[in-house]
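Observations on the model geometry
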Amino acid sequence: MEEYEQDDVAYVAERIDGEYVEVQGALGQRISTIQITAAGIEKLHEDGYETIIDGNTRYDILEELYQLDRENTGVVFAERDELIDEIGDETLVDQNIWYLKEKRLIETHGGGSRLFYHGARITDRGADRFEAYRNDGVEIPRTGTHRSLRQASIGPNESQQAEHLFRDFVELARDEVIIIDRYAREGLYDLLQHVPNGVEIKVMTTDRVTGGGYQQRVSQFAQQHSDIEVRYLSDSDWDFHDRYIIRDREDGWAWGHSFHDAGDTQHTASELRPINRESIESQFTAAWQNGTVVV
């Protein structure tokens, strides 16, 4: 920070010491070292700067440590090398371990050889915060008030209400709409008319419905909306429990009834928790790679 006067740097650092940074002095020096705090990182993130909490590494670490804690009795630490093998980027893992430790969501042990830790375990506080994220989407750090997940009860004989819910969700799509439905019959494509042009549509279904004139129906839809691809698995390989619709891999709903006749009988549509949506997206990617193309 050579562009600033040393006394000015010291003055500002001392003013934010204990909140956004930690300052240490030394013999003959007003300030020897300045280290950012977890709150300092969050302040930068809030102000739009690129930080380590732009990604999901902290959640990946907490999930690994949470599962380890649940599967073992007593105090069990995950070794640093194991975490890096599971999660990936060594630098990001170390930085996020430090951040989570500062927030008292994990504990570490060991150190030395230029490493500040050799192992880590989740704390009770960390387990509570991870469950809040997994179950209700409460972010770390908390970036705002929690928005309750929405639900809608549809039917019987309320197909128009089902269409309105579907339309209001997909018409906000920017890049991609994913449909996962074991029985994605022809009526689904009437609902897909509401997807904006230019948005890619991916439909995953099974061979229970793809016979007969199914390919022709999809081809007819593709004449108006060319950015569509439909793939299917054999019914015996289908592992999805509900019907799902996911928008831009950011938001999603689970429907208790197939889309083609939604509203004919009573069912519930529920907004997906972030951790559940991410799991379904991962499952979808694997199924998509193994699927047979219809159109």
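Here is a short report on the structure shown in this document. What you see is a predicted model, and the numbers here were worked out from it, not measured in a lab. (Residues numbered from 1 in each chain as written. Predicted model: local features only at pLDDT ≥ 70, side-chain atom pairs only at ≥ 80, totals over all residues. Heavy atoms only, no water.)

1. As for the sheet that holds strand β3 (residues 78–79)
Taken in spatial order, the 3 strands make up an open sheet running β3-β5-β4, and their pairing is antiparallel. Strands at the two margins of the open sheet, each flanked by one partner only, are β3 and β4 (106–109). Pairing of β4 with strand β5 (residues 119–122) involves 4 bridges; the strand directions are antiparallel. Of the residues in β5, the one forming a bridge with His-109 is Gly-119. Helix α3 (residues 57–71) contacts β3, β4 and β5 of the sheet and is inclined by roughly 75 degrees relative to β5. (Pairing = 2+ DSSP bridges. Helix = DSSP H or I, 4+ residues; strand = E, 2+ residues; numbered from the N terminus. Contact = heavy atoms within 4.5 Å. Axes fitted to C-alpha atoms, helices over the stretch in contact; angles between N-to-C directions.)

2. Let's talk about the packing of α3 against helix α6 (residues 124–136)
A pair of packed helices is captured by two measures, namely the crossing angle of their axes and the spacing between those axes. Packing of α3 against α6 leaves a shortest axis separation of 10 Å and a crossing angle of 115 degrees. Relative to α6, α3 is oriented so that their crossing is left-handed. In contact with Tyr-59, Leu-62, Glu-63 and Tyr-66 of α3, α6 contributes Ala-127, Phe-130, Glu-131, Tyr-133 and Arg-134. Classifying every residue of the contact of α3 with α6 gives 6 nonpolar, no polar and 3 charged. (Left-handed = near helix turned anticlockwise from the far one by under 90°. Nonpolar A, V, L, I, M, F, W, Y, C, P; charged D, E, K, R; others polar.)

3. Looking at the pattern of salt bridges
Going through the model one piece at a time under the given rule, you end up with 19 salt bridges. Linking Arg-231 and Glu-229 is a salt bridge whose minimum nitrogen-to-oxygen distance equals 2.8 Å. With relative accessibility at 16%, the residue Arg-231 sits in the buried group. When its relative accessible area of 22% is taken as the criterion, Glu-229 is described as partly exposed. By sharing partners, the salt bridges in this structure join Arg-80, Asp-81, Glu-90 and Asp-94 into a single network. (Salt bridge = Lys/Arg side-chain N within 4 Å of Asp/Glu carboxyl O. Buried < 20%, exposed > 50% of the residue type's maximum accessible area, 1.4 Å probe, protein only.)

4. Topic: α3
In a regular helix each residue adds 1.5 Å, so 15 residues correspond to 21 Å; α3 covers 21 Å between its end C-alpha atoms and thus fits that length. Every buried residue belonging to α3 is among Thr-57, Arg-58, Tyr-59, Ile-61, Leu-62, Leu-65 and Tyr-66, and all of these are buried. On the buried face of α3, the contacting elements are β3, α4 (80–87), α5 (90–102), β4, β5 and α6. (Expected span 1.5 Å × (residues − 1).)

5. Description of the packing of aromatic side chains
Any aromatic ring pair is given by two values, namely how distant the centres are and how the planes are angled relative to each other. Evaluated as defined, the whole model comprises 10 aromatic pairs. Ring centres of Tyr-66 and Phe-130 lie 5.0 Å apart, and the angle between their planes is 45 degrees; this geometry places the pair in the tilted category. One end of the pair, Tyr-66, is in helix α3; the other, Phe-130, is in helix α6, and 64 residues separate them in sequence. Among the residues examined, Tyr-66 registers a relative accessible area of 3% and is labelled buried. (Phe/Tyr/Trp six-rings, centres within 6.5 Å; stacked < 30°, edge-to-face > 60°.)

6. A short note on α4
Buried within α4 we find Arg-80, Leu-83 and Ile-84. Considered in projection along α4, the buried side chains sweep an arc of 100 degrees and stay on one side of the axis. In α4, the exposed positions that point more than 90 degrees away from the buried face belong to Asp-81, Asp-85 and Glu-86. Positive phi shows up at Gly-88, right after α4, with a value of about 120 degrees. (Arc of directions from axis to C-beta.)

7. A closer look at a negative patch on the surface
A contiguous patch of negative charge, built from Asp-60, Glu-63, Glu-64, Glu-79, Glu-82, Asp-85 and Glu-86, is present on the exposed surface. Contributions of two or more residues to the negative patch are made by α3 and α4. You can see Glu-79 is positioned in strand β3. (Patch = residues over 30% accessible without salt bridge, like charges linked within 9 Å, V, L, I, M, F, W, Y side chains within 5 Å. Areas by Shrake-Rupley, 256 points an atom, 1.4 Å probe, with all protein chains shown as cover. Lys, Arg positive; Asp, Glu negative; His and termini not counted. Charge placed at Lys NZ, Arg CZ, Asp CG, Glu CD.)

8. Notes on a nonpolar patch on the surface
A contiguous nonpolar patch, built from Ile-36, Leu-44 and Tyr-49 and spanning about 270 Å² of accessible area, is present on the exposed surface. Mapped onto the elements, Leu-44 comes out in helix α2 (residues 38–46).

9. Comments concerning unusual backbone geometry
Here the bond from Ile-140 into Pro-141 is cis, since omega is 0 degrees, no more than 30 degrees from zero. Along the chain, the position of Pro-141 falls in the loop between α6 and β6 (151–154). Residues other than glycine seldom take positive phi values, yet Asp-248 does so here, at roughly 55 degrees. Tracing the sequence through the fold places Asp-248 in the loop between β10 (243–247) and β11 (251–255).

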